[in-house]
Amino acid sequence: ALCSFYEPPGFFIKDEGHTSGWLKEGFGEQEARELGDNRIVCCGMTIAEMNAAFEYLELMCENLIRINARGLVDQGIHNHLLHRKKLKSSYVYDYPETPALNLGLLPPGKLELNAEGLVVNGSGRVVNAIHQYFPHREQMARCLEQITIP
């Protein structure tokens, strides 16, 4: 299966200019409107078994060529593929269960840390990977100290 990770709860395609813009650019206004009520799936962290990765890359490349992409449209394609169920096997982790957090859209002060200063998901479990932590670098300082080897 190909595994992806939602942006934090409350972030929908219709409300986020980048993702909706990339969908419009790649698939047209109607597709962006039809997928608008879906939550955003970040393409910055995606993991997969080999066959699922090959399938995903083939579909991604076909769409990039079709669009004649000249910029960041990959997240639009990613959301199209996942929300339209174009992949044979995929799974999108939700915030309470996710082993990987996308923090780019998370508002300042909303990052959750445990008593040791490590980043946790919605159910309090320490996450294995963090994407786009720079908006939270002050809050992440303690976590980075914990995981950095002296």
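Presented here is a report on the structure given in the accompanying data block. On a predicted model such as this, the values are computed, not experimentally measured, just so you know.

Reading the values: the criteria
Residues numbered from 1 in each chain as written. Predicted model: local features only at pLDDT ≥ 70, side-chain atom pairs only at ≥ 80, totals over all residues. Heavy atoms only, no water. Helix = DSSP H or I, 4+ residues; strand = E, 2+ residues; numbered from the N terminus. Contact = heavy atoms within 4.5 Å. 1 Å grid on protein atoms, 1.4 Å probe; cavity = no way out; pocket = protein on both sides within 12 Å on 5 of 7 lines; lining within 4 Å. Points joined across faces, edges and corners; volume = space filled by probe spheres on them. Nonpolar A, V, L, I, M, F, W, Y, C, P; charged D, E, K, R; others polar. Salt bridge = Lys/Arg side-chain N within 4 Å of Asp/Glu carboxyl O. Buried < 20%, exposed > 50% of the residue type's maximum accessible area, 1.4 Å probe, protein only.

**Things to note about the environment of Phe-11**
Next, step 1: Inspection of the secondary structure assignment puts Phe-11 in the loop between β1 (2-6) and α1 (17-27).
Next, step 2: Separated by 93 residues in sequence, Phe-11 and Gly-104 have C-alpha atoms that sit 11 Å apart.
Next, step 3: Residues in contact with Phe-11, not counting those within four places in the same chain, are Asn-38, Arg-39, Ile-40, Leu-105 and Pro-107.

**Observations regarding the layout of surface pockets**
Next, step 1: Within this model, the largest pocket holds a volume of roughly 280 Å³.
Next, step 2: Taken together, 17 residues line the largest pocket, and the ones lying closest to its centre are Glu-7, Trp-22, Cys-42, Gln-75 and Gln-132.
Next, step 3: Counting residues per element, the ones that place at least two in the lining of the largest pocket are α1, β2 (41-48) and α4 (74-83).
Next, step 4: For the lining of the largest pocket, the per-class residue count stands at 7 nonpolar, 7 polar and 3 charged.

**A short note on the pattern of salt bridges**
Next, step 1: A complete count under the given rule lists 5 salt bridges for this structure.
Next, step 2: The partner of Glu-31 in a salt bridge is Arg-84, with the nearest N and O atoms 2.8 Å apart. With Glu-31 in helix α2 (residues 29-35) and Arg-84 in the loop between α4 and β3 (90-93), this pair connects stretches of sequence that are 53 residues apart.
Next, step 3: In this structure Glu-31 comes out as buried when scored by relative accessible area, which is 10%.
Next, step 4: Exposure remark for Arg-84: the relative accessible area of 33% places this residue in the partly exposed category.

Coordinates in, geometry out; function isn't part of it.
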